[in-house]
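As a plain string of letters, each chain reads:
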Amino acid sequence: MRMDQVAAKVTRTDENGSWILAYVLRFYAESETYDVQDEDDTSKLIRLPWNHVMRLSTGTEGWFQKGQRVMAIFPETTSFYRAIISKHPTYTSGVSADDNSGVGNAHKPRVKEVILKFEDDEDADGKTPHRRVPSRYVIPLPAKYYYEDDDDVDLTAPNSGV
């Protein structure tokens, strides 16, 4: 994952824009943290916990559906904002074997771009425009991507009350 582009959460809030496009520089297995570098500001080195870093889409995952809430890079920025997939994605028959979309993904059907409506993106008439975003920059909402420890299976033995 070193030097891979990722989505990285760089604030403590869940406000729009709290996730940015970044590069992974290093992963520390013992602390489960990443060093990432902001795509826009290469002077910034940020250390983040594992659950503040998300791989980008290859377009082959098959989870894109009309009406689904996602996060995506707003056009001409490097920040992720909440959006809704507004049109059914169109899958292509695959990509050439020399495409860098991941090992084993060369001939899988994939989505090249997703048509979205971003939150709080109304024009002067109060209408929200459809915007095209490359599928690589469309990711699930973090709550759907990561599980919470509280939701995990409890493997401790029940208290027998003795």
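Each chain carries its own residue numbering, running from 1 in the direction its sequence is written. The predicted origin of the model limits local features to residues at a pLDDT of at least 70 and limits the giving and counting of side-chain atom pairs to 80 or more, whereas totals for whole chains, interfaces and linings rest on all residues. Heavy atoms from the whole structure form the basis of all side-chain values; hydrogens and water molecules are not counted.

A. Looking closely at the overall build of the protein. Regarding its fold elements, the protein presents one helix and twelve strands. Tracing the protein from N to C terminus, the helices and strands come up as β-β-β-β-β-β-β-β-β-β-β-β-α. Evaluated residue by residue, the protein yields a buried proportion of 35% over its 162 residues. Counted over contacts in the protein with a minimum sequence separation of 6, partners at least 24 positions apart contribute 48%. Helix and strand definitions follow DSSP, with helices as H or I runs of at least four residues and strands as E runs of at least two, each counted in order from the N terminus. Relative accessibility thresholds used throughout: buried, under 20% of the residue-type maximum; exposed, over 50%; partly exposed, between the two (1.4 Å probe, protein chains only). Whether two residues are in contact is decided by their heavy atoms: any pair within 4.5 Å suffices.

B. Inspection of the side chain of Asp 35 at higher detail. Within the fold, Asp 35 resides in strand E3 (residues 33-38). Excluding its chain neighbours within four sequence positions, the residues that come into contact with Asp 35 are Tyr 23, Val 24, Leu 25, Arg 26, Tyr 28, Leu 45, Ile 46 and Arg 47.

C. Just the confidence of the model for the protein, in detail. Here the protein shows a mean pLDDT of 82. Residues at 70 or above account for 78%. Per-residue pLDDT stays below 50 along residues 147-158; that stretch engages in one contact with residues further than four places along the chain or on separate chains. The predictor reports its confidence for every residue as pLDDT, a score running from 0 up to 100.

D. Region of the structure containing the pattern of salt bridges. Criterion for a salt bridge: a side-chain nitrogen of Lys or Arg within 4 Å of a carboxyl oxygen of Asp or Glu. Considering all chains together, one arrives at six salt bridges under this definition. Across the pair Arg 69 and Glu 119 runs a salt bridge, and its minimum N-O distance is 3.1 Å. Pair noted here: Arg 69 is in strand E6 (residues 69-73) and Glu 119 is in the loop between strand E10 (113-118) and strand E11 (131-134), with a separation of 50 residues, a long-range link. With a relative accessible area of 38%, Arg 69 lands in the partly exposed category. In this structure Glu 119 comes out as partly exposed when scored by relative accessible area, which is 28%.

E. The packing of aromatic side chains, seen in detail. The pairing test for Phe, Tyr and Trp rings, Trp by its six-membered ring, is centres within 6.5 Å, and the orientation test on the planes gives stacked under 30 degrees, edge-to-face over 60, and tilted for anything in between. Applying the stated rule across the entire model yields four aromatic pairs. Ring geometry for Phe 74 versus Phe 118: centroids 4.9 Å apart, planes at 65°, classification edge-to-face. One end of the pair, Phe 74, is in the loop between E6 and strand E7 (79-85); the other, Phe 118, is in strand E10, with 44 residues separating them in the sequence. Judged by its relative accessible area of 21%, Phe 74 is partly exposed.

F. Spotlight on the environment of Gln 5. Along the chain, the position of Gln 5 falls in strand E1 (residues 5-9). Its relative accessible area of 13% is what places Gln 5 among the buried residues. For the pair formed by Gln 5 and Glu 39, sequence separation is 34 residues and the distance between their alpha carbons is 8.4 Å. Every residue in contact with Gln 5, bar those within four places of it in the chain, is listed here: Leu 21, Ala 22, Tyr 23, Glu 39, Leu 56, Arg 136 and Tyr 137. Side chain to side chain, Gln 5 and Arg 136 meet in a polar contact 3.4 Å long. Any pair of N or O atoms that falls within 3.5 Å is considered a polar contact. Within protein, one atom must be able to donate a hydrogen and the other to accept it, and sequence-neighbouring residues count only if both atoms are side-chain atoms.

G. Quick look at a negative patch on the surface. The residues that make up patches have over 30% relative accessible area and no salt bridge, and they are joined within 9 Å when like-charged or within 5 Å when they are Val, Leu, Ile, Met, Phe, Trp or Tyr. What sets the accessible areas is the Shrake-Rupley method with a 1.4 Å probe; for residues, cover comes only from the shown protein chains. The charged-residue count follows a simple rule in which Lys and Arg add positive charge and Asp and Glu add negative charge, with His and chain termini not counted at all. The atom standing in for a charge is NZ when the residue is Lys, CZ when it is Arg, CG when it is Asp and CD when it is Glu. Residues Asp 120, Glu 122, Asp 123 and Asp 125 make up a contiguous surface patch of negative charge. By secondary structure assignment, the location of Asp 120 is in the loop between E10 and E11.

H. Spotlight on the nonpolar core. Definition of nonpolar core: a set of buried residues of the types Ala, Val, Leu, Ile, Met, Phe, Trp, Tyr and Cys, connected through side-chain atoms within 4.5 Å. Grouped together as the largest cluster of nonpolar side chains are twelve residues: Trp 63, Phe 64, Val 70, Ala 72, Ala 83, Ile 85, Val 111, Val 114, Leu 116, Phe 118, Val 133 and Val 138. Those elements that place two or more of their residues in this core are E6, E7 and E10. Looking at which element gives the most residues to this core, the answer is E10, with three residues. In contact with Val 114, other than residues within four places in its own chain, are Phe 64, Ile 85, Arg 131, Arg 132, Val 133, Ser 135 and Val 138.

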